[in-house]
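Now for the letters of each chain:
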Amino acid sequence: MYLIKEPLSPSSAISLSSIVGCGTRSFFHSPPSTLHELPPPPSLSPPTTTATSATMPTSSAATLSSDPILDRLSSDDSEIKLIAIREVKNHIIGNRTKKLFYIKLGAVPAVAAALADSDSNSDSDFNLIVQSVAALGSFACGVDAGVSAVLEAGAFPHLIGLLSSSNDKVVDAAARSLRMIYQSKLAPKYDFFQRDNIEFLLSLLRSENENLTGLGAGIVIHSCETSAEQNILCYTGALEKLTTLLSGSLSQRDSSLESLAAIIKNNPEAICKFVDLHSGRALSSITELMKDRYPRTRLLACMCLICVKNSSSSYLQDIGIKTKLVNILLELLDDSGQVGDEASFAFSSLIAEKEDLQKLAFDANAIDKFHSVLQKHPLHPKRLEGVFLALADLCSKLECCRSSFLSSQVLNLVVDALTHDDASVRTAACICLRSVSRSIKNLSAGRFMSERIVFLLVRLLSDLSTSVQVASLGAISNIVVDFLPHKSTFMQSGGVKELVQLTKAMDSSLRVNAVRALRNMLFQTDKMCKEVIFVELTASSMASLICDPEPSVQEQALALVRNFVDGCVYSVEYAFAEDGIILDAVGRQLRKSPTVEVGIQGLYALSNIASGNEFHKDAVMQLLFPQAENRSQSFFNQFLQSNDNHLRTAAIWVIINLTFPESPGAFGRIVNLRSFGIVSQIKKMFNDSCMDVKFRARFALAQIITFGDS
Amino acid sequence: MPVRVLENTAPSQVSAANSGQSSLQFCSLLGVGQAFSGTQNVSSLQKDEAWRVNVRIQGCDLEHGYLCGTMEALNVPMADTPVVTFWEGEIVDTKNYTFFTGKWEATPEDDIRHWTKFPSFSPLLGQVEVDGGKSLDLSNYPYIFMRWKEQYFVNVGTDCGLTIAGFYYVCFSCSDGSISGFYYDPNSSPFQKLELKSTNDGRSGFSFSSYELQ
């Protein structure tokens, strides 16, 4: 079970006699708290809240009011009501099942109604308020259904209002409950751009009451997402105030670290301000906290430092700190709880896209470490997901990591996870397979083209989760590049039909990935494999994909055509099926001023067709240089004059194939090319800055000149 | 330190830039899927022999100075079928790899002795003798130097009677796509020459396929 730790509130330990007896009096004589310094709370109401205190209890409570506990929660006798609330609260603390039971029963609106009906200025209602606030917080702790119920019952504004109570205990209880709510994504977004709200937040952070500072930090962690929100927190003093909490209690340190990370993440401006704070002492304090005795503090310190390091090339770039981060995060994987689960995600954010850090992690035996984590059973889905994603990042660039991965037994464990119940785990396993299958050495050795892997991945193509489908397509895209012509294992899996189906998906990420998988499958494949794909896909579908609204799909579709017409000369005929519908689509797309990537693939497709026989060459000639076209403004010149080296190269290859000297019609085509100004343009490329373009231009000119230079 | 190539005959493309760290330029004739065919001369004092050889490029990563592919030897004595091997290449880009091999039993002297067999290497010799060519900028040089090391047999067992213990010193011409190479293995005949030309599968022109790993 995955238990979110729920602190017992002090008030939950109050004995019954102290609630109903004279013990309650003492609470009202406590000294004035710092709460009096708080400005009036702003009008915070959750957007989802429709009920108010006047309309409670809600219908769900009403329909179940025959239950004795609900009757007692709604009793007119305040003592009966108080005992019932306390009873419910004590039942649900730390017990998810009971929380869900009471939520379903309709207890939350009843407790919220009790709170709304109480008088915060009345001594006699004090215990009722503290107990109902604590119960509501407990419902919200770690259970989204509880958060929803509390918000829908309209309790949120009351809890905020209680922060201004003159009684410390009430304030503490309200702050704790609100913190629980703010730990959920369902909590209402805090609007930092309202002046009252930012002042209220700063007053929370300035407070000496730990629950209030914790609530302030919780609000920042929950609601600070955009760079504008990060900047406003930087420039109104929240950042500074949060750094002072680094020297506070354990709870304050942790919430400070987490909220600081929220403010500086991906924001170089905020990081600059943060690093300069207190002459750099804030950053030093966090670096020190990497060695803290508490694992959670170490993790949060690492996460904060990763934010600083990832957003700027100026800070924390020395190898010492990088090695420390790698080692600490790997050590934290040993934590069996939430810290261990989160450590692998933090590790991913540290090494993703960074080859130097991946090498450091490899040297620190990270693959072995993750392997040993995977051998512990059973593992929480979150842990599995994190480990697979971390392994995916580790193997994303370096062959040494992939070799180490494949020489251990990790691959089997990843493949096993393709059938996991949790969609996030299935997705992560596919992403991991995708990453490790970037190894050309192992692709060529057929390491991944096994029945087990292929059949499981193909099955995931019809998964209910789009993320799983996309991730599976990514892995399949790589695995089908096995450099063997027949692709028999994949053919037997029924995967071609599934891939073709997905090229017709509404979701463009599915379409582009499905077309890419087919394109990769067609790389250097044999006639039979091409025939199967062509029959399943059809020429008209290929033409539609070439003209897809998404440029990324167009690019992959043209690359697919390019591979179709590669290989033996017979293959060129595919472009001429159904009255040349594919060739027409390629021509239309190239005339639309396509993106560079689309242009490159389209030109190579035409170049391959132009390497066929006379008929093929003439068809390409007619497509690019029709007789009726204005010869001084050929659209083909835009490709020869492009700033992109690859596009110019592709364009020249088309010309090289059209002017292939052994072809009988070469002379006539050269005459036409001259009239379109193509030959003079290629002459200008004789000393092109790109070496490949220069040599191809010279090659083309050498061919043209064999027929004379005029 | 900037280093100047001393020879007057040096092609203008050899830069004396102090970077020495740029990746080599992409050459479409060395892209994935490209095929080459030719011979490997295995002559020794006792016999005069050459095998027909086909090479196909399977992967190319200029950023990491990496190239790989397969090599097929066709008329190998005592072999029933053509023998296919998978090889991985180190591209001498002076960033990831220099002219000095530093492994596979090749000393700097062995390296120089083999590289100097390529006429296109001579303008670089002076600097290579100093630092393995580390300070040269080869990004505009019309030849690409590589080492190809066979990693495993694709279609036969290791008992096929052939060895892949050695490696090839290779020079690729960006202008016409031709490849020359010399096999080096202290235990085999020295300077077995590999000569390959770009092929086009019987087409009237050049064809290019591609894949994209995710």
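As named in an unreviewed UniProt entry, chain B is Glucose-induced degradation protein 4 homolog, taken from Crotalaria pallida. Per UniProt, chain B has the following entry under Sequence similarities (unreviewed entry): "Belongs to the GID4/VID24 family."

Looking at an unreviewed UniProt entry, one finds chain A named Armadillo repeat-containing protein 8 and attributed to Crotalaria pallida.

**Q** Honestly, the overall build of chain A in this entry has me stumped. Any pointers?
**A** A count of helical and extended segments in chain A gives 44 helices and zero strands. Here chain A has a C-alpha radius of gyration of 33 Å; the compact-globule value for 710 residues is 27 Å, and the former is much larger. Dimensions of chain A, computed from C-alpha atoms along their principal axes, come out at roughly 115 × 60 × 55 Å. Contacts spanning at least 24 positions in sequence make up 72% of the contacts within chain A whose residues lie at least 6 apart. About 28,200 Å² of surface is accessible on chain A, with carbon and sulfur atoms providing 53% of the total. For chain A, the distance from the average site of its 66 positive side-chain charges to the average site of its 72 negative ones is 6 Å.

**Q** Just checking my understanding: could you explain the interface of chain B and chain A for this structure?
**A** Interface size, as often reported, equals the accessible area lost upon joining of the parts. The interface of chain B with chain A comprises 37 residues on the first partner and 52 residues on the second. At the junction of chain B and chain A, the tally comes to one salt bridge. Across the pair E212 of chain B and R516 of chain A runs a salt bridge, and its minimum N-O distance is 2.6 Å. Where chain B packs against chain A, one counts 32 residue pairs in polar contact (both at pLDDT 80 or more). At the level of secondary structure, the elements contributing two or more residues to the side of chain B that touches chain A comprise β2 (50–61), β4 (83–91) and β5 (143–153) of chain B.

**Q** How do you make sense of the state of the cysteines when you look at a structure like this?
**A** As used in these notes, a disulfide is a covalent bond between sulfur atoms, one from each of two cysteines. Residue and element names in this part refer to chain A. Using the criterion set out here, one finds zero disulfides over all chains in the structure. Free cysteine: C307, not disulfide-bonded; nearest cysteine sulfur from C304 at 6.1 Å. Judged by relative accessible area, which is 11%, C307 ranks as buried.

**Q** It is not clear to me how the packing of aromatic side chains should be interpreted in this structure. Could you clarify?
**A** The relation between two aromatic rings is expressed through the spacing of the ring centres and the mutual angle of the planes. Following the criterion strictly, the structure yields 42 aromatic pairs over all chains and no others. Judged by centre distance (5.8 Å) and plane angle (85°), the rings of W115 of chain B and F145 of chain B are edge-to-face. One end of the pair, W115 of chain B, is in helix α1 (residues 108–115); the other, F145 of chain B, is in strand β5, with 30 residues separating them in the sequence. The class for W115 of chain B is buried, based on a relative accessible area of 0%. Look at F145 of chain B and you get buried, because its relative accessible area is 1%. Seen from the ring of F686 of chain A, R698 of chain A lies directly overhead, with NZ or CZ sitting 4.4 Å from the centre. Over the ring of W104 of chain B we find K103 of chain B, and its NZ or CZ is 4.6 Å from the ring centre.

**Q** Even after reading the chapter, I still don't get the pattern of salt bridges, so can you show me in this structure?
**A** It is possible for side chains bearing opposite charge to pair when their charged atoms get close. Counted according to the given criterion, the structure contains 31 salt bridges over all chains. Here R696 of chain A ties to D692 of chain A by a salt bridge, and the two come within 3.0 Å at their closest N and O atoms. With R696 of chain A and D692 of chain A both in helix α44 (residues 691–705) and four residues apart, this pair spans about one turn of that helix. You'll find R696 of chain A and D692 of chain A in the same group, each marked buried. Between E90 of chain B and R147 of chain B there is a salt bridge; the shortest N-O distance is 3.0 Å. With E90 of chain B in strand β4 and R147 of chain B in strand β5, this residue pair connects regions lying 57 residues apart in the sequence. Looking at R147 of chain B, the relative accessible area reads 1%, which means it is buried. Linked by salt bridges that have partners in common, K189, E225 and E229 of chain A make up one network.

**Q** Just checking my understanding: could you explain the layout of surface pockets for this structure?
**A** With a probe scaled to a water molecule rolled over the atoms, the places where space remains empty come into view. Estimates place the volume of the second largest pocket at around 1,600 Å³. What lines the second largest pocket is a set of 46 residues, and nearest its centre among them are I440 of chain A together with G59, C60, D61 and L62 of chain B. If you list the elements that add at least two residues to the lining of the second largest pocket, you get α25 (399–407), α28 (440–444), α36 (551–564) and α38 (596–609) of chain A together with β2, β4 and β5 of chain B. A breakdown of the residues in the lining of the second largest pocket according to their chemical character gives 15 nonpolar, 15 polar and 16 charged.

**Q** When you look at the sheet that holds strand β3 (residues 66–73) of chain B in this model, what are you seeing that I'm missing?
**A** All names here are of chain B. A barrel is described by the order of its strands in space; here eight strands give the closed sequence β1-β2-β3-β4-β5-β6-β7-β8, paired in antiparallel fashion. Here the average twist between neighbouring strands, direction ignored, is 30°. Of the strand pairs in this sheet, β2 and β3 are connected by eight bridges, and their pairing is antiparallel. In the strand pairing of β3, V53 is matched with A73. Together, β5, β6 (167–173) and β7 (179–184) form the strand contacts of α1, whose direction differs from that of β6 by roughly 40°.

**Q** Looking at this structure, I do not really get the UniProt feature "repeat: ARM" (unreviewed entry) in chain A. What am I missing?
**A** If you check UniProt for "repeat: ARM" (unreviewed entry), the listed places come out as residues 154–181 of chain A in our numbering. Summarising residues 154–181 of chain A: 79% helix, 0% strand, and an end-to-end C-alpha distance of 13 Å.

**Q** Just to check I follow, could you spell out the environment of W115 of chain B for this structure?
**A** W115 of chain B sits 22 residues away from D93 of chain B along the chain, and the two C-alpha atoms are 14 Å apart. Residues in contact with W115 of chain B, not counting those within four places in the same chain, are V92, F99, F121, F145, M146, R147, Y169 and V170 of chain B.

**Q** Explanation requested: helix α34 (residues 527–537) of chain A in the structure shown.
**A** Each α-helix winds once per 3.6 residues, and so residues spaced three or four apart point in a common direction. All names here are of chain A. Listing the buried residues of α34 in full gives C529, K530, I533, F534 and L537. One side of α34 holds all its buried residues, which, seen down the axis, span an arc of 130°. Away from its buried face by more than 90 degrees, α34 exposes M528 and V535. For α34, the secondary structure elements touched by its buried residues are α31 (488–492), α32 (495–502), α33 (508–521), α35 (539–546), α36 and α37 (577–591).

**Q** What am I meant to see in the nonpolar core here?
**A** Within soluble globular proteins, side chains that are nonpolar tend to cluster in buried spots. Core analysis: the largest hydrophobic core is formed by 297 residues, its most contacted members being F274, F347, F405 and F636 of chain A together with W148 of chain B. Setting aside its immediate chain neighbours within four residues, F274 of chain A contacts L239, T243, L260, I264, A282, L283, I286 and V308 of chain A. V42, W51, A73 and V83 of chain B belong to the second-largest nonpolar core, a separate cluster that totals seven residues.

**Q** Would you mind showing me how to read the pairing of β6 of chain B here?
**A** Taken residue by residue, a regular strand's side chains alternate between the two faces of the sheet. All names here are of chain B. Of all seven residues making up β6, seven are buried, and the element is well covered by its neighbours. Sheet topology note: the β5/β6 ladder contains six bridges and is antiparallel. Residue R147 lies in a different strand from β6, and its bridge partner there is Y169. With six bridges connecting them, β6 and β7 associate as antiparallel partners. By the bridge assignment for β7, Y169 is matched with F182. The turn linking β6 back onto β7 is made up of five residues, and G177 within it adopts a positive phi angle of 75°.

Procedures and definitions
- Residues numbered from 1 in each chain as written.
- Chains lettered and ligands numbered in written order.
- Predicted model: local features only at pLDDT ≥ 70, side-chain atom pairs only at ≥ 80, totals over all residues.
- Heavy atoms only, no water.
- UniProt positions renumbered as here; feature names shortened; annotations may be inferred.
- Helix = DSSP H or I, 4+ residues; strand = E, 2+ residues; numbered from the N terminus.
- Rg over C-alpha atoms; globule rule 2.2 N^0.38 Å.
- Contact = heavy atoms within 4.5 Å.
- Areas by Shrake-Rupley, 256 points an atom, 1.4 Å probe, with all protein chains shown as cover.
- Lys, Arg positive; Asp, Glu negative; His and termini not counted.
- Charge placed at Lys NZ, Arg CZ, Asp CG, Glu CD.
- Salt bridge = Lys/Arg side-chain N within 4 Å of Asp/Glu carboxyl O.
- Polar contact = N/O pair within 3.5 Å; in protein donor to acceptor, adjacent residues only side chain to side chain.
- Disulfide = S-S within 2.5 Å.
- Buried < 20%, exposed > 50% of the residue type's maximum accessible area, 1.4 Å probe, protein only.
- Phe/Tyr/Trp six-rings, centres within 6.5 Å; stacked < 30°, edge-to-face > 60°.
- Lys NZ or Arg CZ within 6 Å of the ring centre and 35° of its normal.
- 1 Å grid on protein atoms, 1.4 Å probe; cavity = no way out; pocket = protein on both sides within 12 Å on 5 of 7 lines; lining within 4 Å.
- Points joined across faces, edges and corners; volume = space filled by probe spheres on them.
- Nonpolar A, V, L, I, M, F, W, Y, C, P; charged D, E, K, R; others polar.
- Pairing = 2+ DSSP bridges.
- Axes fitted to C-alpha atoms, helices over the stretch in contact; angles between N-to-C directions.
- Arc of directions from axis to C-beta.
- Core = buried A, V, L, I, M, F, W, Y, C linked by side-chain atoms within 4.5 Å.

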